[in-house]
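Report on the structure
As a plain string of letters, each chain reads:
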There are 2 protein chains.
Amino acid sequence: MYETHRGEIFHHGQDATKKLEGNSVEPVTYADHGWTVRARLPVRYDIVQSPDLFSMQNRDILLEAYNKTKVPYRRVVIIDNQVNQLYQDRIRQYFEHFLTDYQILPFYTSEQEKNLELVERILQELAALQVPRRSRPVIAIGGGVLLDTVGMAASLYRRGIPYVRVPTTLLALVDAAIGIKTSVNFQMHKNYLGSYYPPLLTLLDRTFLQTLDTRHICNGMAEILKVALIKDKELFELLEKHNAVLIAEKFQGRGVPELVIRHAIQGMLEELAPNLWEYELNRLMDFGHSFSPVFEMQALPRLLHGEAVAIDMAISTLLAYQRNLLSLDERDRIFRLMKNLGLPTFLPLCEPSLLYKALQETVKHRDGLQRLPLPTAIGSADFFNDISFGEIEMAVNLLKQRSD
Amino acid sequence: MYETHRGEIFHHGQDATKKLEGNSVEPVTYADHGWTVRARLPVRYDIVQSPDLFSMQNRDILLEAYNKTKVPYRRVVIIDNQVNQLYQDRIRQYFEHFLTDYQILPFYTSEQEKNLELVERILQELAALQVPRRSRPVIAIGGGVLLDTVGMAASLYRRGIPYVRVPTTLLALVDAAIGIKTSVNFQMHKNYLGSYYPPLLTLLDRTFLQTLDTRHICNGMAEILKVALIKDKELFELLEKHNAVLIAEKFQGRGVPELVIRHAIQGMLEELAPNLWEYELNRLMDFGHSFSPVFEMQALPRLLHGEAVAIDMAISTLLAYQRNLLSLDERDRIFRLMKNLGLPTFLPLCEPSLLYKALQETVKHRDGLQRLPLPTAIGSADFFNDISFGEIEMAVNLLKQRSD
């Protein structure tokens, strides 16, 4: 895992005598002496489908492939409180069998408490256990809030220790567990603080979804629909055809559920992997995430993340329709599918003025431009920078009428 | 600055059909489907000597070379309270002249308050100003505590905004301002939390050192002596010859002061640049930092960082002498120079049991091994993993005698 890599220094100035490791010296704009440091951080992580993670036949979570320490297995498990209540016997039995030393630390997590204080409490636990720098990976088991906050703590503790993600909600499985972003909310700003910090590994086990309620299955559907709408027509058609059974059977078994998850993650990764650190701010995966951060935070705890994203997608779909990017038929197809996926499309809180303010906040995060992804057909999208208040107002009025 | 770079995804499994961007697929140890994401984060930063930073002729801090935003100059300046009191007229006048919009935010900093709470207060200020993601770099002006904490805040705010370091103490100039580590203390652990986060730029202006007291000049001397002892005999000899005038004249002017600083930074960079993220845990620059983190924290606020490092170097020098790595003559030469540099070599707090405990803590941070750098001559060093309690006891007894 810890691939070596060498940075370089270039020394500038009239009497520069040392030039290390031979590459060309960058042009310098400074008259006096100086150095330029250049390096590349190699990143690698795996996302692995690992059904029935805690069956005694499954050894994926023991991380044997990653265990270069030659010391007996020691692990710290940070688990969502609710997941722990549902699965603790099984999980404890598993680790008891395989590990010489482990701690299971349950944390209560919620979007409202996704803050620095939660990260600090995780850090306190890690410090109390004197978790060393490399040889005791932290295993995070839970939904998006747990994965994002444990990831942030892992990135800060001793400036970074290895961690593993095990998503237990559909939303986390197709979203939080895929990229390298960690985060907490700050004041009223959604995911305002965080880091880019890759895990060792993400392990995907859909059997956890059996204990999710329908609302949380639908919540995850929103992020799958996002991928479908902006880049994967085949996925959209799979959702149209199979939404009822996917929701009813909670993504269990192979066949369609597996195919849908694979499409969703593949689509996500195609967008995220070439842009892990978000140097490029035109991000298709921001679809559904331009207006929603503000009203999602204001509507807490009423609204789930996927629900907020769904409302944003509904607004964006109408904006696209108003600009003739989508036909009436496409528009209706999208709204029909959203309805069948059990997703909301409106909230009275979403007044045009609030949405416009939200877009202005988003502009600050996108270096001065709207960079708003809008669908240009089912399965494709483009970026727009000139959405006006009037257009938002029109879209909201249409949504209001639909929801009456 | 924002070089693009492309990550890659590899899809595994029996029916893997997509393979993006063509590199060879890594061997996978998992039977089921999965993906591997690989990418490289390019890092580049400059360290530039920029004398008299706030003279109207000097435009380095305006970052013209880095200003790709095409918007009028806007900057946030976070400055150590004491530095602000000394230089505020000059600094304000400068920014007033050149910038269309700026904020100067003074923060009281001290090693005792180098904690998460300070970072959070900085984050609150950034959020209150709605600092955007890229177009308003934060300029940090102060000593090591200020640079480390502003760096940490800059790395977390919106998952990273650009920042610039201006060290105002000798210690920060040769140490905190050179690498990419940011940090805060946590509980009683020194620099226990943080991130690896490169600045855009470090600007070195020795004129700030004019207002440092002698003790703080000597404090910085400790980190310079560190570089000299373990890898630069020429620097050691420069210090032997010029210590009195360097201290008296506070590193002003060109010639020897400039040469000493250049040696110190060059030596530091030769060690840091190939190992920016510390994948390699055998670090020569840890010399003086193996025993000190524990007693430095316990002795606060009595001891400055460089003073703690000096005591650690004294212990390490004796450990080396006891192992016949250093001759009696070399040992005495080192102690003589430490004395001439105004550095302490002992503290009654440093009982053998405490030092041994400190070493055990350090072992946790070095993946299970002591990896203790000890000088093998003046200007060279090697790593040792088998220092015993008895050796530490013997070294401490010798130090006690010397200090009587």
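This one's a predicted model, so the numbers in the text were calculated from it and none came from an experiment.

1. A short note on the relation of the copies chain A and chain B
Overlaying chain A with chain B gives an RMSD of 0.0 Å, the required rotation being 180 degrees about an axis along which the chain moves by 0.0 Å. Here the transformation between the copies is reduced to the relation of a two-fold axis. The position closest to the rotation axis in chain A is occupied by the C-alpha of Leu 41 of chain A, lying 2.4 Å away. A shared binding surface is used by both copies, with 100% of the interface residues of chain A retained as interface residues in chain B.

2. Notes on the pairing of strand β3 (residues 74-80) of chain B
Residues and elements named next belong to chain B. β3 sits mainly inside the fold: six of its seven residues count as buried. Relative to strand β4 (residues 101-107), β3 is paired through seven bridges, and the arrangement is parallel. Following the sheet pairing, Ile 79 is matched in β4 by Pro 106. In this region the chain leaves β3, passes through helix α1 (residues 81-98) and returns to the parallel neighbour β4; the handedness of that crossover is right-handed. When β3 meets strand β5 (residues 138-142), the two strands line up parallel, connected through four bridges.

3. Considerations on the pattern of salt bridges
One pass over the structure, following the stated rule, counts 52 salt bridges over all chains. As a salt-bridge pair, Glu 64 of chain B and Arg 59 of chain B come within 3.2 Å of each other at their nearest N and O atoms.

4. Quick word on the interface of chain A and chain B
Think of interface size as the accessible area that goes away when the parts come together; that is how it is often given. Contact with chain A, which involves 82 residues of that partner, is made by 82 residues of chain B. Between the two partners, chain A and chain B, sit two salt bridges. Two residues, Glu 278 of chain A and Arg 133 of chain B, come together in a salt bridge whose shortest N-O distance is 2.7 Å. Seen at the junction of chain A and chain B, the total is 37 residue pairs in polar contact (both at pLDDT 80 or more). No other element matches the 16 residues that strand β2 (residues 34-49) of chain A contributes to the side of chain A that touches chain B. Here the residues of the side of chain A that touches chain B are counted per class, giving 36 nonpolar, 20 polar and 26 charged. For β2 of chain A and strand β2 (residues 34-49) of chain B, the ladder comprises 15 bridges, and the chain directions are antiparallel. From the neighbouring strand, Leu 41 of chain A faces β2 of chain B, where its bridge partner is Leu 41 of chain B.

5. Looking at the side chain of Ser 316 of chain B
Within the element layout of this structure, Ser 316 of chain B appears in helix α9 (residues 305-322). Ser 316 of chain B has contacts with Phe 287, Phe 291, Leu 374 and Pro 375 of chain B, leaving out every residue within four places of it along the chain.

6. Some points on the environment of Lys 339 of chain B
All names here are of chain B. Along the chain, the position of Lys 339 falls in helix α10 (residues 328-340). According to the relative accessible area criterion, Lys 339 is exposed, its value standing at 69%. For Lys 339 and Pro 274, which are 65 residues apart along the polypeptide, the C-alpha to C-alpha distance reads 33 Å.

7. Regarding the packing of helix α6 (residues 233-249) of chain A against helix α10 (residues 328-340) of chain A
Between two packed helices, what matters for the description is the angle formed by their axes and the separation of those axes. Residues and elements named next belong to chain A. Closest axis-to-axis distance for the α6/α10 pair is 10 Å, and the angle between their directions is 30 degrees. The angle between α6 and α10 places the two elements in the roughly parallel class. Read as a crossing pair, α6 and α10 show a hand that is left-handed. Residues Lys 233, Phe 236, Glu 237, Leu 239, Glu 240, Asn 243 and Ile 247 of α6 touch α10, and the partners they reach there are Arg 333, Ile 334, Leu 337 and Asn 340.

8. Observations regarding the pairing of strand β6 (residues 163-167) of chain B
All names here are of chain B. Along β6, five of the five residues are buried, which leaves the element largely enclosed by surrounding structure. The alternating pattern of β6 places Tyr 163, Arg 165 and Pro 167 and Val 164 and Val 166 on opposite faces, both of which are buried. For the handedness criterion, the β-α-β arrangement of β5, helix α3 (residues 144-156) and β6 is classed as right-handed. Pairing of β6 with strand β9 (residues 201-204) involves two bridges; the strand directions are parallel. Residue pairing for β9: Val 164 is matched across the bridge by Leu 201.

9. Examining α10 of chain A
Residues and elements named next belong to chain A. Between the first and last C-alpha of α10 there are 18 Å, a value that for 13 residues agrees with the 18 Å anticipated at 1.5 Å per step. Within α10, the full set of buried residues consists of Glu 330, Arg 331, Arg 333, Ile 334, Phe 335, Leu 337 and Met 338. Residues of α10 that are buried make contact with α5 (214-231), α6, α9 (305-322), β10 (372-377) and α12 (389-403). The positive-phi residue at the C-terminal boundary of α10 is Gly 342, with phi of around 70 degrees.

10. Here we look at α12 of chain A
Residues and elements named next belong to chain A. Compared with an ideal rise of 1.5 Å per residue, which puts 15 residues at 21 Å, α12 spans 21 Å between its outermost C-alpha atoms and is within 8% of the ideal. Looking at α12, one finds that the buried residues are Glu 391, Ile 392, Ala 395, Val 396 and Leu 399. Seen along its axis, α12 keeps its buried residues to an arc of 130 degrees; they face one direction. Where α12 is buried, its residues meet α9, α10 and α11 (352-365).

Rules and cut-offs
Residues numbered from 1 in each chain as written. Chains lettered and ligands numbered in written order. Predicted model: local features only at pLDDT ≥ 70, side-chain atom pairs only at ≥ 80, totals over all residues. Heavy atoms only, no water. Least-squares fit on C-alpha atoms with pLDDT ≥ 70 in both. Contact = heavy atoms within 4.5 Å. Buried < 20%, exposed > 50% of the residue type's maximum accessible area, 1.4 Å probe, protein only. Helix = DSSP H or I, 4+ residues; strand = E, 2+ residues; numbered from the N terminus. Pairing = 2+ DSSP bridges. Right-handed = clockwise from strand over helix to strand, strands pointing away. Salt bridge = Lys/Arg side-chain N within 4 Å of Asp/Glu carboxyl O. Polar contact = N/O pair within 3.5 Å; in protein donor to acceptor, adjacent residues only side chain to side chain. Nonpolar A, V, L, I, M, F, W, Y, C, P; charged D, E, K, R; others polar. Axes fitted to C-alpha atoms, helices over the stretch in contact; angles between N-to-C directions. Parallel < 35°, antiparallel > 145°, perpendicular 65-115°, else oblique. Left-handed = near helix turned anticlockwise from the far one by under 90°. Expected span 1.5 Å × (residues − 1). Arc of directions from axis to C-beta.

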